[in-house]
Amino acid sequence: EPRRAVPPGRSRARSRGAAGAALLPSMLMFGVILASSGLLLMIERGILAQVGPPPLHPPAGLSRRDGLDSTAELELEVLRDTRNRTIRALCGQRSMPRSVWELPPGQRRTVLRHLLVSDKYRFLYCYVPKVACSNWKRILKVLDGALESVDAKGKMDHKSDLVFLGDMKPEEISYRLKHYYKFIFVRNPMERLLSAYRNKFGEIKEYQQKYGVEIVRRYRKNGGNSAGDDVSFSEFLQYLLDEDVERMNEHWMPIYNLCQPCAVRYDFIGSYERLQADANHVLEHIQSPSFVRFPERQAWYRPVTAETLHYYLCNTPRRLIKELLPKYILDFSLFAYPLPNITSEFCRQ
């Protein structure tokens, strides 16, 4: 959480200057993301079926019981191989951190307070808001005996009955990072931002008052009377563009900054797009009790569909999206998500 919602006195130039230093690795990755996007395009066109599977071993968790046919298995294998290769390419650079102790203090605090610990099952989970983290926290509480069932009613308490790596001593942190199974779940960056926008500014009064009021006041002419519940998606993206990445709220901070995949070598990267199957793989790997299952999606939940994302992106100024992409370029490239298609031809469809 930032120290204050939207500091009114911060200049746009200063904010962009501060963000620029944090974005230096991004420039290094443009070549990598082009290669990643090219692989995904080849997947879509079926070209990879002609060149055969990649040389790395098939990823853990890929099995026939997931209900995938051979084509889907190949696509998933290539996707995960692409992620492995891009992470190795970026994290192998001399300037990148090799451990959490090489991170600046602020970045180290962020990742350590997002790594949840299960000593009983010997794993670390880096939670990413808007990527099913509430359900994973429920599972941790059930595994620890603090919650009877993942289906227990009531609002999720995101602090109590959970153990954070950042609350431990340095030697305890190092031991767990070295010996425990580590996993993370990722999501298309623009889809995650849209989910955060619809949830926080459409449903939660605390966020409307803490962020929405100031966002409207800053970016809308005569917006001083807003209650913060009418923030437009364009105004939200403009706010993100002007905000310092390291001071962002966790619900829209880039996944790279939250979980530092170069400083923490994750054993498994799950996808929101394959949430149930990837979650089952993790539960099987940690040997959780058979009665512990990943919760089904709630009936009231309104997912972000491809059509919804298409609508929002195509009704947002193209310049704004293009200027914002560098802040999230590592999430796109490292986790092999294609850049959003905002061409005029696509938006006319």
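Scroll up to find the structure.
No experiment lies behind these values; they were computed from the predicted model shown.

Rules used in this analysis
- Residues numbered from 1 in each chain as written.
- Predicted model: local features only at pLDDT ≥ 70, side-chain atom pairs only at ≥ 80, totals over all residues.
- Heavy atoms only, no water.
- Helix = DSSP H or I, 4+ residues; strand = E, 2+ residues; numbered from the N terminus.
- Buried < 20%, exposed > 50% of the residue type's maximum accessible area, 1.4 Å probe, protein only.
- Contact = heavy atoms within 4.5 Å.
- Phe/Tyr/Trp six-rings, centres within 6.5 Å; stacked < 30°, edge-to-face > 60°.
- Lys NZ or Arg CZ within 6 Å of the ring centre and 35° of its normal.
- Disulfide = S-S within 2.5 Å.
- Core = buried A, V, L, I, M, F, W, Y, C linked by side-chain atoms within 4.5 Å.
- Salt bridge = Lys/Arg side-chain N within 4 Å of Asp/Glu carboxyl O.
- Pairing = 2+ DSSP bridges.
- Axes fitted to C-alpha atoms, helices over the stretch in contact; angles between N-to-C directions.

Draft legend 1. Molecular detail of the environment of Leu334. Position of Leu334 among the secondary structure elements: in helix H15 (residues 318-334). For Leu334, a relative accessible area of 0% puts it in the buried group. Residues Leu334 and Asn84, 250 residues apart in the sequence, show an inter-C-alpha distance of 8.1 Å. Non-local contacts of Leu334, meaning those with residues more than four positions away in its chain, are made with Arg83, Thr86, Ile87, Leu90, Tyr256 and Pro261.

Draft legend 2. Geometry of the packing of aromatic side chains. A full pass over the atoms with the stated rule returns 25 aromatic pairs. Aromatic pair Phe233 and Phe236: ring centres 6.4 Å apart, planes at 40 degrees, arrangement tilted. Of this pair, Phe233 and Phe236 are both found in helix H11 (residues 233-242), three residues apart, which corresponds to roughly one turn of the helix. Across this residue pair, the class does not change: Phe233 and Phe236 are buried. Put simply, the rings of Tyr197, Phe201, Tyr207, Tyr211, Phe233, Phe236, Tyr239, Trp252, Tyr311 and Tyr312 pair up and form one aromatic cluster. Residue placement shows Arg83 over the ring face of Tyr337; its charged tip is 5.4 Å from the ring centre.

Draft legend 3. A look at the state of the cysteines. Scanning the model with the defined rule gives three disulfides in all. Across the disulfide from Cys91 sits Cys262; the S-S distance is 2.1 Å. Here Cys91 and Cys262 share a disulfide; its torsion about the S-S bond, -80 degrees, makes the bridge left-handed. Of the two residues, Cys91 is situated in helix H5 (residues 70-91) and Cys262 in the loop between helix H12 (255-259) and strand E4 (268-271); the sequence distance between them amounts to 171 residues.

Draft legend 4. Local environment of the nonpolar core. If you look at the biggest cluster of nonpolar residues, it comprises 93 residues, and the most contacted ones within it are Leu115, Trp136, Phe236, Leu240 and Trp252. It is H15 that provides the largest number of residues to this core, a total of nine residues. With residues up to four places along the chain from it excluded, the contact list for Leu240 reads Leu193, Met248, Trp252, Leu324, Lys327 and Tyr328.

Draft legend 5. Highlighting the pattern of salt bridges. The final tally for this structure, using the stated rule, is 11 salt bridges. With its nearest N and O atoms 2.9 Å apart, the salt bridge here joins Arg220 to Glu235. A residue pair is termed long-range when its members are at least 10 positions apart, and Arg220 in the loop between helix H10 (205-219) and H11 and Glu235 in helix H11 qualify at 15 residues. What makes Arg220 partly exposed here is its relative accessible area of 27%. In the salt-bridge network here, residues are joined through shared partners; they are Arg80, Arg274 and Asp278.

Draft legend 6. Spotlight on the sheet that holds strand E1 (residues 115-118). Pairing is mixed in the open sheet, where four strands are placed in the order E1-E2-E3-E4. Unpaired on one side and paired on the other, E1 and E4 mark the two borders of the sheet. Strand-to-strand twist of the sheet, defined as the mean angle between neighbouring strand axes without regard to direction, takes the value 25 degrees. Two elements, E1 and strand E2 (residues 123-126), share four bridges in a ladder whose sense is antiparallel. Counterpart to Ser118 in the pairing with E2 is Phe123. Strands E1, E2 and strand E3 (181-186) of the sheet are contacted by helix H8 (residues 170-179), whose axis makes an angle of about 75 degrees with E3. Relative to E3, helix H13 (residues 275-285) is tilted by about 170 degrees, and along the sheet it contacts E3 and E4.

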